[in-house]
There are 4 protein chains.
Amino acid sequence: MSTPGFLLIGVIGGSTPTPDEAAAAEAVGCGVAEAGAVLICGGRGGVMEAACRGAKGAGGLTIGVLPGISRGQANAYVDIRVVTGIGEARNAIIARTADVVIAIGGSYGTLSEIAYAVGFDKPVVGLGTWTMERVGHPAVPLVRVETPGEAVERALALAAAS
Amino acid sequence: MSTPGFLLIGVIGGSTPTPDEAAAAEAVGCGVAEAGAVLICGGRGGVMEAACRGAKGAGGLTIGVLPGISRGQANAYVDIRVVTGIGEARNAIIARTADVVIAIGGSYGTLSEIAYAVGFDKPVVGLGTWTMERVGHPAVPLVRVETPGEAVERALALAAAS
Amino acid sequence: MSTPGFLLIGVIGGSTPTPDEAAAAEAVGCGVAEAGAVLICGGRGGVMEAACRGAKGAGGLTIGVLPGISRGQANAYVDIRVVTGIGEARNAIIARTADVVIAIGGSYGTLSEIAYAVGFDKPVVGLGTWTMERVGHPAVPLVRVETPGEAVERALALAAAS
Amino acid sequence: MSTPGFLLIGVIGGSTPTPDEAAAAEAVGCGVAEAGAVLICGGRGGVMEAACRGAKGAGGLTIGVLPGISRGQANAYVDIRVVTGIGEARNAIIARTADVVIAIGGSYGTLSEIAYAVGFDKPVVGLGTWTMERVGHPAVPLVRVETPGEAVERALALAAAS
């Protein structure tokens, strides 16, 4: 039997989150798995590790799109370690591959991924992440939420609608 | 629970295989799934599609690392569609990500993937594929086999040993 | 004789600039060339084309790092057409290759390039471009200027200091 | 004035050449520069460095497409250091960017670049490099030559015809 491909939810965020951000990421990962979706992320520490731990705790499947050349870079909760070897250019792959992206906190890598995702017309849900604006440019279509549950709920709805 | 990551077996080959090559690819895909490994390939037609069909027929999991920007490029048997958008440069990602590579027939894309895999010290098993040599250079460490069953068997043994 | 490599100034911005942004880009390109630096950009239209035209008008050298697989994508003022074929992931290459980046207006591609450049610790000068902030995150170290002349002047000073 | 872009000749080969290969690469680089073409290569040592040295000795312009994230990887004869950060995936960029490729000796990286170049329909001239064949596949259209002078001459003719 052929398959239509799995629903992939991207979780992006920094490697040095606050405790609150890490807890939110774990809850988001859990929610992604409970919804039957696959988690895709950058595969490393911080928000990425917390999200993967949450997803695995709920019996989900996790994909880590690693920047370097060693699968040893992956956190311990990544099932499928995609070893790109293309460095931070892999941020574009995460944005292209995910059906929808949830951004939690984050630094410049996260900012680049938000920019890619929006530029690729992917829905983006933000939990305590960047605001970006430019005079004369339309507002960035980032859906801001306050809780992990709301993040997963909105992400699923946006993926279904796109 | 943490996981050590899945065993990923790459199957590479062309998009216009002979009927024998396509049949071999399907049998290899089936064998990969029966061994409990995950199939990773370029996600498109020909050898890639036949291998994915074989893996899905045996209840396996399949990953397609696509060159373009559309998941619609994937054949119907790809579960996880990694949309790289980096064109043929994605061949390096397949070679880096697979634990071991099985090459079946193929054209220049397959040749580039064999070259990458060997250069990255990944074991490569060849079924009716390229021979490459250069005066003064050590022989290419490609393990040649005659049947799909032998290809899977050798690939599993090489992955276990590496 | 060996050489230390050329000074490369990146100019980033959108493909649909306002007339003022295009005029600013042309003046920046002219200033880059007059300073003896090489202009590097995404090689396409809009801000990129205006900057290249300015640089060529002043006798400079221009590099276009193209996303697609055809050199025909380049605007008519690109001397060296780097055909990456890796799509928008090439934004990371522009940010890594430039000694300093000048952002003029722009949309999401420009935003991703600013994020990359700052994340790679490259100095960034902004002329009417994005503002980005996140609660709890240090301010983005983007040097804001008001005129093309100031943009080039600051870029040269920052490159010399880094 | 607009420009049609420069003629770019790629020189590919290994980082540990024999003395004869290094001498050939230097002569090729010299010939490329004397013909008024720009040399593009991987920017590192061995054949790449010898070719760049030859080109600079003849007053030419050199481009190095580096795999890593530091311009310090470049040999001392590279004028324009393109810092890709995408590792060996950059081999695809060299093959896409060059108008014609001259392969001198080389190991697996060179083999991947030959495969890419031929797959992208770029003319390839070989000086003591790989032979590749596969039963049932058309012969690889690689033009074999015996001397550096012949390599440059054939490369220029092929570029003019393509």
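Per-chain numbering applies: the sequence of each chain, read as written, is numbered from 1 onward. Here the convention is simple: chains get letters from A, ligands get numbers from 1, in the order in which they are written. Local features in a predicted model are, by the rule used here, given only for residues with pLDDT of at least 70; side-chain atom pairs are given and counted only at 80 or more, and totals for whole chains, interfaces and linings are based on all residues. Side-chain calculation: all heavy atoms of the structure are included, whereas hydrogens and water are not.

1. Describing the sheet that holds strand β3 (residues 62–66) of chain A
All names here are of chain A. One open sheet holds the 7 strands; their spatial order is β4-β3-β2-β1-β5-β6-β8, and the pairing between them is parallel. A strand with exactly one partner marks an edge of an open sheet, and here the two such strands are β4 (80–83) and β8 (142–145). Averaged over all pairs of adjacent strands, the angle between strand axes in this sheet comes to 25°, irrespective of strand direction. We call two strands paired when DSSP finds no fewer than two bridges between them. Secondary structure elements follow DSSP: runs of H or I of four or more residues count as helices, runs of E of two or more count as strands, with numbering from the N terminus. The sheet contact formed by strand β5 (residues 100–104) and strand β6 (residues 124–127) spans 4 bridges and is parallel. Paired with Ile102 across the two strands is Val125, which belongs to β6. Contacts are assigned to residue pairs that have any heavy atoms within 4.5 Å of one another. Comment: axis = line fitted to C-alpha atoms, over the contacting stretch for helices; angle = value between 0 and 180 degrees taken between N-to-C directions. Here helix α3 (residues 90–97) sits on the sheet and contacts β1 (8–13), β2 (38–41) and β3; the angle it forms with β3, its principal contact strand, is near 150°.

2. Considerations on the packing of helix α1 (residues 19–34) of chain B against helix α2 (residues 47–57) of chain B
All names here are of chain B. Where α1 meets α2, the axes come as close as 6 Å, and the angle between the chain directions of the two elements is 40°. In terms of orientation, α1 lies oblique with respect to α2. Like other packed secondary-structure pairs, α1 and α2 cross with a definite hand, here right-handed. Contact residues: α1 offers Ala22, Ala25, Glu26, Gly29, Cys30 and Ala33, while α2 offers Val47, Ala50, Ala51, Arg53, Gly54 and Ala55. Tallied by class, residues from the contact of α1 with α2 come to 8 nonpolar, 2 polar and 2 charged. Just so you know how the angles are binned, under 35 degrees is roughly parallel, over 145 roughly antiparallel, 65 to 115 roughly perpendicular, and the rest oblique. Rotating anticlockwise by less than a right angle from the far helix to the near helix defines a left-handed crossing, while the corresponding clockwise rotation defines a right-handed one. The classification used treats Ala, Val, Leu, Ile, Met, Phe, Trp, Tyr, Cys and Pro as nonpolar, Asp, Glu, Lys and Arg as charged, and all other residues, Gly among them, as polar.

3. So, the relation of the copies chain D and chain C
To superpose the copies, least squares is applied to the C-alpha atoms of every residue with a pLDDT of at least 70 in both. Overlaying chain D on chain C yields an RMSD of 0.0 Å, the required transformation being a rotation through 180° with an accompanying axial translation of 0.0 Å. Taken together, the turn and the small shift mark the pair as related by a two-fold rotation axis. When you check the interface residues of chain D against chain C, 100% turn up at the interface there too, and the contact is symmetric in its surfaces.

4. Points about helix α5 (residues 148–161) of chain B
Residue and element names in this part refer to chain B. Take the number of residues in a helix, subtract one, and multiply by 1.5 Å to get its expected span. Here α5 is 14 residues long and its end C-alpha atoms lie 20 Å apart, about the 20 Å a rise of 1.5 Å per residue gives. Relative accessible area decides the class of each residue, using a 1.4 Å probe on protein chains only: under 20% of the type maximum gives buried, over 50% gives exposed, and in between gives partly exposed. Turning to α5, its buried residues number three or more, namely Ala151, Val152, Ala155 and Ala159. Relative to the axis of α5, the buried residues are bounded by an arc of 95° and lie together on one face. Counted as exposed and oriented over 90 degrees from the buried face of α5: Glu153, Ala160 and Ala161. Starting at the helix axis, one direction is taken to each C-beta atom, and the arc is that of these directions.

5. Remarks on the nonpolar core
Nonpolar core, defined: a set of buried Ala, Val, Leu, Ile, Met, Phe, Trp, Tyr and Cys residues in which side-chain atoms within 4.5 Å join the residues together. One finds Met132 of chain A, Met132 of chain B, Met132 of chain C together with Met132 of chain D to be the most contacted residues of the largest nonpolar core, which totals 124 residues. Beyond its immediate sequence surroundings of up to four residues, Met132 of chain B is in contact with Leu111, Ile114, Val140 and Leu142 of chain B together with Leu111, Trp130, Thr131 and Met132 of chain D.

6. Details of the packing of helix α3 (residues 90–97) of chain C against helix α4 (residues 108–119) of chain C
Residue and element names in this part refer to chain C. As a packed pair, α3 and α4 sit with axes 9 Å apart at the nearest point and diverge in direction by 45°. By the criterion of interaxial angle, the relationship of α3 to α4 is oblique. Relative to α4, the crossing made by α3 is right-handed. Contacts between α3 and α4 involve Asn91, Ala92, Ile94 and Ala95 from the former and Gly109, Ser112, Glu113, Tyr116 and Ala117 from the latter. Along the lines of polarity and charge, the residues of the contact of α3 with α4 split into 5 nonpolar, 3 polar and 1 charged.

7. Examining the interface of chain D and chain B
The partner chain B presents 29 residues to the 29 residues of chain D that form the contact. A simple way to read buried area is as the amount of 1.4 Å-probe accessible surface that goes missing from two parts once joined, with both sides added. Note on chain D versus chain B: buried area summed over both sides is about 2200 Å², and carbon and sulfur give 62% of it. The largest share of the area that chain D buries against chain B comes from Tyr108, Tyr116 and Arg134 of chain D, three residues that together contribute 30% of it. The term salt bridge refers to a side-chain nitrogen of Lys or Arg lying within 4 Å of a carboxyl oxygen of Asp or Glu. For the pair chain D and chain B, the number of links is 2 salt bridges. The partner of Arg134 of chain B in a salt bridge is Glu21 of chain D, and the shortest N-O contact between them spans 3.2 Å. We define a polar contact as two N or O atoms separated by no more than 3.5 Å, with the added condition that, inside protein, one atom must be a possible hydrogen donor and the other a possible acceptor, whereas residues neighbouring each other in sequence contribute only through side-chain atom pairs. At the surface where chain D touches chain B, the tally comes to 10 residue pairs in polar contact (both at pLDDT 80 or more). When residues of the side of chain D that touches chain B are traced back to their parent elements, those giving at least two are α3 (90–97), α4 (108–119) and β7 (131–133) of chain D. Counting residues per element, the side of chain D that touches chain B draws most heavily on α4 of chain D, which supplies 7 residues.

8. Regarding the interface of chain D and chain C
Between chain D and chain C, the residue contacts involve 29 residues of the former and 29 residues of the latter. Together, the buried faces of chain D and chain C total about 2500 Å²; carbon and sulfur atoms form 57% of this surface. The largest per-residue losses of area from chain D upon contact with chain C belong to Arg71, Ile80 and Arg96 of chain D, which jointly make up 20% of the total buried on that side. Inspection of the region where chain D meets chain C yields 2 salt bridges. Where Asp99 of chain C meets Arg71 of chain D, a salt bridge forms, and the shortest distance between an N and an O atom there is 2.3 Å. The interface formed by chain D and chain C includes 6 residue pairs in polar contact (both at pLDDT 80 or more). In terms of residue count, the dominant contributor to the side of chain D that touches chain C is strand β4 (residues 80–83) of chain D (4 residues).

9. Quick look at the sheet that holds strand β5 (residues 100–104) of chain B
Residues and elements named next belong to chain B. In space, the 7 strands of this open sheet follow the order β4-β3-β2-β1-β5-β6-β8, with parallel pairing throughout. Single-partner strands in this sheet number two, and they are β4 (80–83) and β8 (142–145). Recorded for the sheet is a direction-independent mean angle of 25° between the axes of neighbouring strands. By the bridge criterion, 4 bridges tie strand β3 (residues 62–66) to β4 in an arrangement that is parallel. The residue bridging Leu66 from the neighbouring strand is Val83, located in β4. Contacting β1 (8–13), β2 (38–41), β5 and β6 (124–127), α1 crosses the sheet at an angle of about 160° to β5. Strands β1, β5, β6 and β8 of the sheet are contacted by α5, whose axis makes an angle of about 160° with β5.

10. What about the side chain of Asn75 of chain D?
Residue and element names in this part refer to chain D. Looking at the element boundaries, Asn75 is found in the loop between β3 (62–66) and β4. Relative accessible area serves as the criterion here: at 8%, Asn75 is assigned to the buried category. Polar side-chain contacts of Asn75 include one of 2.8 Å to the backbone oxygen of Arg44. Excluding residues that lie within four positions of it along the chain, Asn75 makes contacts with Gly43, Arg44, Met48, Glu49 and Cys52.

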